[in-house]
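Observations on the three-dimensional arrangement
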Amino acid sequence: MRSTLADIAREAGVSNATVDRVLNNRPGVKGRTREVVLETAQRLGYIEDHKPEPSAIIERVRLLFVLPKGTNAYIANLQNQIELQASHRPELDVAIQAIEGFNPDTLAKTLRDLDPSIRGVGIIALDHPSVRAAIQSIEARGVKIVTLASDIHVVARTAYVGIDNRAAGRLAGYVMGRFMGTGGNRKVALFAGSLSYRGHEEREMGFRHVLAEDFPNLKIVELREMGDDRERAYREATMLLDQYEDLAGIYNIGAGNQGIARALREHGKAGKVTFIGHDATEGNKALLLDGTIDAVIDQNPRVQAREALNILYSAVTGSACQTHPFRLQIIFRENIPED
(Lines give C-alpha, C1' and ligand atoms only; values in the text may rest on other atoms or scores of the structure.)
Protein backbone atom coordinates (compact mmCIF):
# COMPACT_ATOMS: atom_id res chain seq x y z
CA MET A 1 0.00 0.00 0.00
CA ARG A 2 1.34 3.39 -0.98
CA SER A 3 2.24 5.77 1.82
CA THR A 4 0.03 8.80 2.42
CA LEU A 5 0.67 12.43 3.31
CA ALA A 6 -0.32 11.57 6.88
CA ASP A 7 2.33 8.81 6.99
CA ILE A 8 5.00 11.27 5.85
CA ALA A 9 3.86 13.89 8.37
CA ARG A 10 3.97 11.39 11.25
CA GLU A 11 7.42 10.07 10.36
CA ALA A 12 8.87 13.55 9.73
CA GLY A 13 7.30 15.02 12.86
CA VAL A 14 5.52 17.84 11.02
CA SER A 15 1.94 18.72 10.12
CA ASN A 16 0.03 17.45 7.09
CA ALA A 17 -0.10 21.05 5.82
CA THR A 18 3.70 21.32 5.91
CA VAL A 19 4.04 18.09 3.90
CA ASP A 20 1.53 19.40 1.36
CA ARG A 21 3.45 22.68 0.97
CA VAL A 22 6.77 20.88 0.48
CA LEU A 23 5.50 18.29 -2.02
CA ASN A 24 3.73 20.97 -4.03
CA ASN A 25 6.76 23.30 -3.86
CA ARG A 26 4.90 26.11 -2.12
CA PRO A 27 6.67 28.73 0.05
CA GLY A 28 6.57 29.04 3.83
CA VAL A 29 8.79 26.07 4.85
CA LYS A 30 12.35 26.38 6.18
CA GLY A 31 15.09 24.76 4.11
CA ARG A 32 16.05 21.99 6.54
CA THR A 33 12.40 21.11 7.23
CA ARG A 34 11.86 20.85 3.47
CA GLU A 35 14.83 18.47 3.25
CA VAL A 36 13.45 16.31 6.12
CA VAL A 37 10.05 16.01 4.45
CA LEU A 38 11.54 15.16 1.05
CA GLU A 39 13.91 12.59 2.55
CA THR A 40 11.02 11.01 4.48
CA ALA A 41 8.80 10.94 1.40
CA GLN A 42 11.60 9.25 -0.54
CA ARG A 43 12.26 6.71 2.23
CA LEU A 44 8.56 5.79 2.33
CA GLY A 45 8.47 5.43 -1.46
CA TYR A 46 6.13 8.37 -2.01
CA ILE A 47 8.57 10.12 -4.36
CA GLU A 48 11.74 9.13 -6.20
CA ASP A 49 15.21 9.58 -4.72
CA HIS A 50 15.85 13.13 -3.54
CA LYS A 51 19.34 14.56 -3.17
CA PRO A 52 20.02 17.79 -1.25
CA GLU A 53 21.61 20.59 -3.21
CA PRO A 54 25.39 20.80 -2.75
CA SER A 55 24.99 24.47 -1.81
CA ALA A 56 23.18 23.35 1.36
CA ILE A 57 26.48 21.98 2.70
CA ILE A 58 28.22 24.73 4.64
CA GLU A 59 30.98 23.05 6.65
CA ARG A 60 31.85 19.73 8.24
CA VAL A 61 31.10 19.89 11.97
CA ARG A 62 32.34 17.36 14.54
CA LEU A 63 29.70 16.21 17.03
CA LEU A 64 29.82 13.69 19.88
CA PHE A 65 26.90 11.85 21.45
CA VAL A 66 27.51 10.34 24.89
CA LEU A 67 25.01 7.55 25.56
CA PRO A 68 24.70 4.99 28.38
CA LYS A 69 25.74 1.37 27.94
CA GLY A 70 23.39 -1.47 28.79
CA THR A 71 20.36 -3.43 27.59
CA ASN A 72 18.12 -0.40 27.05
CA ALA A 73 16.49 -0.97 23.64
CA TYR A 74 15.41 2.65 23.38
CA ILE A 75 19.04 3.78 23.69
CA ALA A 76 20.03 1.27 21.01
CA ASN A 77 17.31 2.63 18.71
CA LEU A 78 18.40 6.20 19.38
CA GLN A 79 22.03 5.34 18.61
CA ASN A 80 21.02 3.61 15.38
CA GLN A 81 19.00 6.64 14.32
CA ILE A 82 21.83 9.06 15.07
CA GLU A 83 24.26 6.93 13.03
CA LEU A 84 21.81 6.43 10.16
CA GLN A 85 20.80 10.05 9.83
CA ALA A 86 24.36 11.36 10.29
CA SER A 87 25.48 9.09 7.44
CA HIS A 88 23.23 11.11 5.12
CA ARG A 89 24.57 14.45 6.38
CA PRO A 90 27.97 15.07 4.72
CA GLU A 91 28.30 18.35 6.61
CA LEU A 92 28.49 16.36 9.87
CA ASP A 93 31.22 14.19 11.40
CA VAL A 94 29.44 12.35 14.20
CA ALA A 95 30.87 9.98 16.82
CA ILE A 96 29.08 8.08 19.60
CA GLN A 97 30.68 7.15 22.92
CA ALA A 98 29.01 4.61 25.24
CA ILE A 99 29.70 4.95 28.96
CA GLU A 100 28.42 3.64 32.29
CA GLY A 101 25.18 5.58 32.36
CA PHE A 102 24.52 5.65 36.10
CA ASN A 103 27.93 6.93 37.19
CA PRO A 104 27.97 10.75 37.18
CA ASP A 105 31.75 10.91 37.65
CA THR A 106 32.28 8.85 34.48
CA LEU A 107 30.08 11.21 32.48
CA ALA A 108 31.74 14.28 33.99
CA LYS A 109 35.21 12.96 33.13
CA THR A 110 34.13 12.14 29.58
CA LEU A 111 32.98 15.73 29.12
CA ARG A 112 36.07 17.27 30.72
CA ASP A 113 38.34 15.15 28.48
CA LEU A 114 36.51 16.18 25.33
CA ASP A 115 38.62 16.38 22.17
CA PRO A 116 39.13 20.08 21.31
CA SER A 117 37.86 19.49 17.77
CA ILE A 118 34.38 18.54 19.04
CA ARG A 119 32.01 21.45 18.44
CA GLY A 120 28.78 20.04 19.83
CA VAL A 121 27.71 17.31 22.28
CA GLY A 122 24.47 15.42 22.84
CA ILE A 123 24.05 13.70 26.22
CA ILE A 124 21.56 11.75 28.29
CA ALA A 125 22.69 13.36 31.50
CA LEU A 126 22.36 12.53 35.16
CA ASP A 127 21.30 15.58 37.18
CA HIS A 128 24.35 15.65 39.46
CA PRO A 129 26.70 18.44 40.62
CA SER A 130 29.78 16.95 38.91
CA VAL A 131 27.89 16.61 35.63
CA ARG A 132 26.54 20.15 35.84
CA ALA A 133 30.04 21.50 36.53
CA ALA A 134 31.48 19.60 33.56
CA ILE A 135 28.74 20.89 31.25
CA GLN A 136 29.36 24.46 32.37
CA SER A 137 33.09 23.96 31.79
CA ILE A 138 32.81 22.82 28.17
CA GLU A 139 30.06 25.32 27.43
CA ALA A 140 32.45 28.09 28.51
CA ARG A 141 34.84 26.80 25.81
CA GLY A 142 32.16 27.36 23.17
CA VAL A 143 30.96 23.74 22.87
CA LYS A 144 27.24 23.52 22.14
CA ILE A 145 25.26 21.04 24.22
CA VAL A 146 21.85 19.40 23.90
CA THR A 147 20.33 17.16 26.54
CA LEU A 148 18.43 14.15 25.22
CA ALA A 149 15.43 12.39 26.80
CA SER A 150 16.22 13.78 30.28
CA ASP A 151 16.94 17.44 30.92
CA ILE A 152 19.11 19.47 33.33
CA HIS A 153 17.53 22.86 33.99
CA VAL A 154 20.29 24.90 35.65
CA VAL A 155 23.01 24.56 33.00
CA ALA A 156 23.58 26.68 29.91
CA ARG A 157 22.72 23.97 27.42
CA THR A 158 21.55 24.93 23.92
CA ALA A 159 18.35 22.88 24.01
CA TYR A 160 16.53 19.92 25.49
CA VAL A 161 15.47 17.35 22.89
CA GLY A 162 12.73 15.09 24.19
CA ILE A 163 9.21 14.74 25.48
CA ASP A 164 7.69 16.46 28.51
CA ASN A 165 8.42 13.72 31.02
CA ARG A 166 6.08 15.01 33.71
CA ALA A 167 3.25 14.99 31.16
CA ALA A 168 4.28 11.45 30.18
CA GLY A 169 3.99 10.33 33.81
CA ARG A 170 0.60 11.95 34.11
CA LEU A 171 -0.53 10.20 30.93
CA ALA A 172 0.67 6.86 32.32
CA GLY A 173 -1.25 7.50 35.54
CA TYR A 174 -4.39 8.43 33.68
CA VAL A 175 -4.27 5.35 31.47
CA MET A 176 -3.53 3.14 34.49
CA GLY A 177 -6.50 4.60 36.36
CA ARG A 178 -8.87 4.21 33.42
CA PHE A 179 -7.80 0.60 32.92
CA MET A 180 -8.22 -0.30 36.59
CA GLY A 181 -11.27 1.78 37.45
CA THR A 182 -12.26 3.58 40.64
CA GLY A 183 -13.84 0.71 42.56
CA GLY A 184 -11.95 -0.83 45.47
CA ASN A 185 -8.42 -0.24 46.70
CA ARG A 186 -5.76 -1.62 44.33
CA LYS A 187 -1.99 -1.91 44.74
CA VAL A 188 0.41 -0.41 42.18
CA ALA A 189 4.21 -0.59 41.92
CA LEU A 190 6.70 1.67 40.16
CA PHE A 191 9.99 0.75 38.51
CA ALA A 192 12.63 3.30 37.50
CA GLY A 193 16.04 3.16 35.87
CA SER A 194 17.44 5.80 38.18
CA LEU A 195 15.81 8.81 39.80
CA SER A 196 19.14 10.58 39.26
CA TYR A 197 17.75 11.10 35.76
CA ARG A 198 15.49 14.13 36.02
CA GLY A 199 13.29 12.61 33.33
CA HIS A 200 12.58 9.53 35.47
CA GLU A 201 11.94 11.70 38.51
CA GLU A 202 9.50 13.85 36.53
CA ARG A 203 7.63 10.80 35.23
CA GLU A 204 7.25 9.51 38.78
CA MET A 205 6.00 12.93 39.92
CA GLY A 206 3.41 13.16 37.17
CA PHE A 207 2.19 9.60 37.79
CA ARG A 208 1.82 10.14 41.53
CA HIS A 209 -0.05 13.42 41.04
CA VAL A 210 -2.66 11.94 38.71
CA LEU A 211 -3.30 9.00 41.02
CA ALA A 212 -3.66 11.32 44.00
CA GLU A 213 -5.98 13.68 42.10
CA ASP A 214 -8.20 11.28 40.17
CA PHE A 215 -7.64 7.70 41.35
CA PRO A 216 -7.13 7.69 45.14
CA ASN A 217 -8.13 4.02 45.24
CA LEU A 218 -4.79 3.15 43.57
CA LYS A 219 -2.07 2.90 46.20
CA ILE A 220 1.63 2.89 45.29
CA VAL A 221 3.24 0.24 47.48
CA GLU A 222 6.79 0.14 46.06
CA LEU A 223 9.26 2.12 43.98
CA ARG A 224 12.25 0.09 42.80
CA GLU A 225 15.26 1.32 40.83
CA MET A 226 16.87 -1.26 38.55
CA GLY A 227 19.39 0.59 36.39
CA ASP A 228 17.48 0.01 33.13
CA ASP A 229 18.83 -3.57 33.22
CA ARG A 230 16.43 -6.34 32.24
CA GLU A 231 18.02 -9.00 34.48
CA ARG A 232 17.90 -6.75 37.50
CA ALA A 233 14.34 -5.80 36.56
CA TYR A 234 13.46 -9.49 36.50
CA ARG A 235 14.91 -10.04 39.97
CA GLU A 236 13.22 -6.97 41.43
CA ALA A 237 9.86 -7.85 39.84
CA THR A 238 10.12 -11.43 41.10
CA MET A 239 10.67 -10.24 44.68
CA LEU A 240 7.84 -7.73 44.31
CA LEU A 241 5.34 -10.31 43.04
CA ASP A 242 6.35 -12.71 45.81
CA GLN A 243 5.73 -9.97 48.39
CA TYR A 244 2.45 -8.65 46.95
CA GLU A 245 0.30 -11.48 45.61
CA ASP A 246 -2.55 -9.01 45.04
CA LEU A 247 -0.49 -6.51 43.04
CA ALA A 248 -2.79 -5.01 40.40
CA GLY A 249 -0.63 -2.62 38.40
CA ILE A 250 2.96 -1.84 37.34
CA TYR A 251 4.27 1.36 35.78
CA ASN A 252 7.83 1.06 34.49
CA ILE A 253 9.29 4.54 34.11
CA GLY A 254 12.42 3.36 32.27
CA ALA A 255 13.70 0.28 30.45
CA GLY A 256 13.73 -3.38 31.54
CA ASN A 257 10.21 -4.33 30.45
CA GLN A 258 11.41 -7.72 29.19
CA GLY A 259 12.60 -8.64 32.68
CA ILE A 260 9.35 -7.55 34.30
CA ALA A 261 7.37 -9.47 31.68
CA ARG A 262 9.37 -12.62 32.39
CA ALA A 263 8.57 -12.36 36.12
CA LEU A 264 4.88 -11.79 35.37
CA ARG A 265 4.75 -14.89 33.18
CA GLU A 266 6.47 -17.06 35.78
CA HIS A 267 3.96 -15.94 38.41
CA GLY A 268 0.99 -16.49 36.09
CA LYS A 269 0.21 -12.76 36.18
CA ALA A 270 0.86 -11.81 32.53
CA GLY A 271 -2.26 -10.09 31.21
CA LYS A 272 -3.73 -9.93 34.73
CA VAL A 273 -1.56 -7.14 36.15
CA THR A 274 -2.09 -3.83 34.33
CA PHE A 275 1.32 -2.95 32.92
CA ILE A 276 2.26 0.46 31.46
CA GLY A 277 5.73 1.17 30.06
CA HIS A 278 7.70 3.38 27.69
CA ASP A 279 8.99 3.22 24.10
CA ALA A 280 7.78 1.32 21.06
CA THR A 281 10.79 -0.99 20.79
CA GLU A 282 10.52 -4.34 19.02
CA GLY A 283 10.46 -6.13 22.37
CA ASN A 284 7.68 -3.93 23.69
CA LYS A 285 5.66 -4.37 20.49
CA ALA A 286 5.77 -8.13 21.08
CA LEU A 287 4.61 -7.63 24.67
CA LEU A 288 1.72 -5.49 23.43
CA LEU A 289 0.70 -8.16 20.94
CA ASP A 290 0.67 -10.98 23.52
CA GLY A 291 -1.15 -8.86 26.10
CA THR A 292 1.59 -8.79 28.73
CA ILE A 293 1.92 -5.02 28.51
CA ASP A 294 -1.18 -2.88 28.07
CA ALA A 295 0.26 0.38 26.75
CA VAL A 296 3.56 2.12 26.05
CA ILE A 297 4.29 5.84 25.76
CA ASP A 298 6.62 6.46 22.84
CA GLN A 299 9.15 9.28 22.40
CA ASN A 300 10.16 8.58 18.77
CA PRO A 301 13.97 8.24 18.68
CA ARG A 302 13.97 8.94 14.93
CA VAL A 303 12.66 12.46 15.51
CA GLN A 304 14.88 12.95 18.56
CA ALA A 305 17.99 12.08 16.54
CA ARG A 306 16.96 14.39 13.70
CA GLU A 307 16.21 17.32 16.01
CA ALA A 308 19.44 16.87 17.99
CA LEU A 309 21.55 16.84 14.82
CA ASN A 310 19.75 19.86 13.40
CA ILE A 311 19.96 21.92 16.59
CA LEU A 312 23.63 21.19 17.23
CA TYR A 313 24.62 21.92 13.63
CA SER A 314 22.67 25.16 13.61
CA ALA A 315 24.06 26.24 16.99
CA VAL A 316 27.65 25.59 15.89
CA THR A 317 27.32 27.29 12.50
CA GLY A 318 24.97 30.06 13.56
CA SER A 319 22.43 29.06 10.93
CA ALA A 320 18.65 29.14 11.33
CA CYS A 321 16.91 26.06 12.69
CA GLN A 322 13.20 25.34 12.78
CA THR A 323 12.42 22.97 15.65
CA HIS A 324 9.27 20.93 16.14
CA PRO A 325 7.59 20.19 19.49
CA PHE A 326 7.54 16.56 20.59
CA ARG A 327 4.18 14.84 20.78
CA LEU A 328 3.31 12.23 23.37
CA GLN A 329 1.97 9.11 21.71
CA ILE A 330 0.27 6.34 23.64
CA ILE A 331 0.44 2.98 21.85
CA PHE A 332 -1.84 0.02 22.40
CA ARG A 333 -2.02 -3.34 20.66
CA GLU A 334 -4.39 -1.89 18.07
CA ASN A 335 -2.21 1.01 16.89
CA ILE A 336 1.33 -0.41 16.90
CA PRO A 337 3.34 1.68 14.41
CA GLU A 338 5.16 0.06 11.53
CA ASP A 339 8.97 0.26 11.47
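Within every chain, residues take consecutive numbers counted from 1 along the sequence as written. Residue-level local features of this predicted model are given only where pLDDT is at least 70; pairs of side-chain atoms are given and counted only at 80 or more, and the full residue set underlies all totals for whole chains, interfaces and linings. Water and hydrogen atoms were dropped before computing side-chain values, which therefore reflect all heavy atoms in the structure.

1. Concerning the overall build of the protein chain
The number of helices and strands found in the protein chain is 12 helices and 11 strands. Taken over C-alpha atoms, the radius of gyration is set against a globule rule of 2.2 Å times the number of residues to the power 0.38. The C-alpha atoms of the protein chain give a radius of gyration of 21 Å, which matches the 20 Å a tight globule of 339 residues would have. Taken over the C-alpha atoms alone, the protein chain extends approximately 65 × 50 × 35 Å along its principal axes. For the protein chain, the proportion of contacts with a sequence separation of at least 24, taken over those separated by at least 6, is 67%. The numbering of helices and of strands both runs from the N terminus, where a helix is a DSSP run of H or I of at least 4 residues and a strand a run of E of at least 2. The contact criterion used is simple: two residues touch if any of their non-hydrogen atoms lie within 4.5 Å.

2. Observations concerning the sheet that holds strand β6 (residues 186-192)
Two strands form a pair only when DSSP identifies at least two bridges running between them. Taken in spatial order, the 6 strands make up an open sheet running β7-β6-β8-β9-β10-β11, and their pairing is mixed. Looking at the sheet topology across the chains shown, the edges are occupied by β7 (218-225) and β11 (329-331). Adjacent strand axes in the sheet meet at a mean angle of 20 degrees, parallel and antiparallel pairs treated alike. Contacts from helix α9 (residues 230-243) reach β6, β7 and β8 (247-252), with the element oriented near 145 degrees to β7. The axes used here are C-alpha line fits, helices contributing only the stretch in contact, and every angle between their N-to-C directions lies in the interval 0 to 180 degrees.

3. Regarding the pattern of salt bridges
Put simply, a salt bridge is a Lys or Arg side-chain nitrogen that is within 4 Å of an Asp or Glu carboxyl oxygen. In this structure the tally under the stated criterion is 21 salt bridges. For R198, the salt bridge is made with D127, and the minimal N-O distance between the two is 2.6 Å. Here R198 is found in helix α8 (residues 198-214), whereas its partner D127 is found in the loop between β3 (120-123) and α6 (129-140), with 71 residues between them in sequence. Of the charged contacts in the structure, one is a salt bridge between R333 and E334, with a shortest N-O distance of 3.4 Å. With relative accessibility at 49%, the residue R333 sits in the partly exposed group. When accessible area is computed with a 1.4 Å probe and restricted to protein chains, residues below 20% of their type maximum are described as buried, those above 50% as exposed, and intermediate ones as partly exposed.

4. Description of helix α7 (residues 165-180)
Across its 16 residues, α7 extends 22 Å between first and last C-alpha, which sits within 8% of the 22 Å expected from 1.5 Å per residue. Looking at α7, one finds that the buried residues are N165, A168, G169, A172, G173, V175, M176, G177 and M180. One or two residues past the end of α7 sits G181, with phi positive at roughly 80 degrees. Every helix has an expected span of 1.5 Å times one less than the residues it contains.

5. Quick word on the nonpolar core
Within the largest apolar cluster, 24 residues are counted, with the highest numbers of intra-cluster contacts made by L63, F65, L78, I124, V146 and L148. Among the secondary structure elements, those contributing two or more residues to this core are β1 (61-68), α4 (73-87), β4 (144-148), β5 (159-161) and α12 (301-317). Here this core gets 7 residues from one element, more than from any other, and that element is α12. Contacts of L148, omitting those with residues within four sequence positions, involve F65, L78, G122, I123, I124, Y160, V161, Q304 and A308. As used in this record, nonpolar core signifies buried Ala, Val, Leu, Ile, Met, Phe, Trp, Tyr and Cys residues forming a set joined through side-chain atoms within 4.5 Å.

6. Considerations on the packing of helix α2 (residues 16-23) against helix α3 (residues 31-43)
Relative orientation of the contacting elements α2 and α3 amounts to 85 degrees, with a least axis distance of 10 Å. Classified by the angle their axes make, α2 and α3 are roughly perpendicular. Touching T18, V19, R21, V22 and L23 of α2 are T33, R34, V37, L38 and A41, all from α3. Polar here means any residue other than Ala, Val, Leu, Ile, Met, Phe, Trp, Tyr, Cys and Pro, which are nonpolar, and Asp, Glu, Lys and Arg, which are charged; Gly is therefore polar. By residue class, the composition of the contact of α2 with α3 is 6 nonpolar, 2 polar and 2 charged. Throughout this description, any angle smaller than 35 degrees is read as roughly parallel, any larger than 145 degrees as roughly antiparallel, any in the 65 to 115 degree range as roughly perpendicular, and the remainder as oblique.

7. Details of the side chain of D151
Considering the arrangement of structural elements, one finds D151 in the loop between β4 and β5. Relative accessible area serves as the criterion here: at 5%, D151 is assigned to the buried category. A polar atom in the side chain of D151 sits 2.7 Å from the side chain of T147. Nitrogen and oxygen atoms within 3.5 Å of one another constitute a polar contact, given that in protein one can donate a hydrogen and the other can accept it, and given that sequence-neighbouring residues count only through two side-chain atoms. Here R157 takes part through its side chain, which lies 2.7 Å from a polar atom of the side chain of D151. Ignoring any residue separated from it by four or fewer positions in sequence, one finds D151 in contact with R157, Y160 and R198.

8. A short note on the pairing of β4
When you tally the buried positions in β4, you get 4 out of 5 residues, the bulk of the element. Bridge count between β3 and β4: 4 bridges; the pairing is parallel. Each residue of the ladder has a partner; that of G120, found in β4, is K144. Taken together, the 3 bridges between β4 and β5 define a ladder with parallel strand orientation. Bridged to T147 within β5 is Y160.

Function cannot be read off these values alone, since they describe shape.
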